[in-house]
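Descriptive structure summary
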Amino acid sequence: QTITVEVDVDGRHADEIRTYLNAVIGKIGFKIVDNQADFDWGVSLDLVKADLNRDDMTGYNWNLSVNVTDNVHQYTLKSFILKNRTMGISEDQAVAKMMNLIEKELNNKFYRQFMDYINNL
């Protein structure tokens with residue numbers, strides 16, 4: 001609880017992604033603040049519509065990056081990249097599947113990668 005984190009998410013789906021990361025931060029045990037944090041987690045989601053060559057499906061290639069910056073020493077500790085492709089029978093379904101997968105990836109893969117990084121400092 002003595003280590004503080006500020007989460008900065010820009011762009012599309014920022015509120016949802018911030019909610020997912022707040023849950024991860026809670027699992028780790030850090031305290032979430034709005035400014036003057038020990039660490040800043042800068043997050044961006046890049047979406048590229050997938051060329052599926054199908055009229056009955058739509059999809060996205062996505063890339064989510066989480067850049068962890070040490071505000072005390074003013075340098076980026078580590079950048080974590082999660083990427084995948086999701087498809088659906090509609091735009092809404094493809095986005096819903098993407099957001100579900102992002103939530104799972106943050107709670108599992110990102111969480112493990114971050115904890116491994118912290119434990120090896």
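Source: prediction; values computed, not measured. (Residues numbered from 1 in each chain as written. Predicted model: local features only at pLDDT ≥ 70, side-chain atom pairs only at ≥ 80, totals over all residues. Heavy atoms only, no water.)

1. As for the sheet that holds strand S5 (residues 75–88)
Spatially, the five strands line up as an open sheet ordered S2-S1-S3-S4-S5, and their pairing is mixed. If you trace the sheet from one side to the other, it starts and ends with strand S2 (31–32) and S5, each paired once. Across eleven bridges, strand S3 (residues 39–49) lies against strand S4 (residues 58–70) in antiparallel orientation. Within S4, the position partnered with Leu45 by the bridge is Leu64. Along the sheet face, helix H1 (residues 14–28) touches strand S1 (4–9), S2, S3 and S4 and points at about 160 degrees away from the line of S1. Contacts between helix H2 (residues 91–119) and the sheet are confined to S3, S4 and S5, with S5 contributing the most and set at about 145 degrees to the helix. (Pairing = 2+ DSSP bridges. Helix = DSSP H or I, 4+ residues; strand = E, 2+ residues; numbered from the N terminus. Contact = heavy atoms within 4.5 Å. Axes fitted to C-alpha atoms, helices over the stretch in contact; angles between N-to-C directions.)

2. Observations concerning the nonpolar core
Nonpolar side chains in soluble globular proteins tend to be buried together. One finds Trp41, Leu64, Ile102, Leu106 and Phe110 to be the most contacted residues of the largest nonpolar core, which totals 31 residues. Of all the secondary structure elements, the ones that give two or more residues to this core are S1, H1, S3, S4, S5 and H2. Broken down by element, the residue count for this core peaks at eight residues, all from H2. Ignoring anything within four residues of it in the chain, the contact list for Trp41 reads Val5, Glu6, Val7, Asp8, Leu21, Ile25, Ile28, Val66, Asn67, Val68, Phe110 and Phe114. (Core = buried A, V, L, I, M, F, W, Y, C linked by side-chain atoms within 4.5 Å. Buried < 20%, exposed > 50% of the residue type's maximum accessible area, 1.4 Å probe, protein only.)

3. Considerations on the pairing of S4
Counting buried residues along S4, ten of its 13 residues qualify, which places the element largely inside the surrounding structure. Relative to S5, S4 is paired through 13 bridges, and the arrangement is antiparallel. Along S5, the bridge assignment pairs Asn67 with Ser79. The loop that links S4 with its antiparallel partner S5 comprises four residues; one of these, Gln74, has a positive phi angle of about 60 degrees.

4. Regarding the pattern of salt bridges
For the coordinates displayed, the defined rule picks out four salt bridges. In this structure, the salt-bridge partner of Arg18 is Asp15, at a minimum N-O distance of 3.2 Å. Residue Arg18 and its partner Asp15 are both found in helix H1; the two are separated by three residues, about one turn of the helix. A residue is classified by how much of its surface remains accessible, and Arg18, at 26% relative accessible area, is partly exposed. Taken together, the salt bridges that share partners define one network made up of Arg12, Lys49 and Glu91. (Salt bridge = Lys/Arg side-chain N within 4 Å of Asp/Glu carboxyl O.)

5. What to know about unusual backbone geometry
The backbone of His13 sits at a positive phi, close to 70 degrees, despite the residue not being glycine. With respect to the helices and strands, the residue His13 is situated in the loop between S1 and H1. The phi torsion at Gln74 lies on the positive side, around 60 degrees, for a residue other than glycine. Positionally, Gln74 belongs in the loop between S4 and S5.

6. Quick word on H1
Spanning 15 residues, H1 covers 21 Å between terminal C-alpha atoms, matching the ideal 21 Å at 1.5 Å per step. The inward-facing, buried residues of H1 abut S1, S2, S3, S4 and H2. With its phi angle positive at about 105 degrees, Gly29 sits one or two positions after the end of H1. (Expected span 1.5 Å × (residues − 1).)

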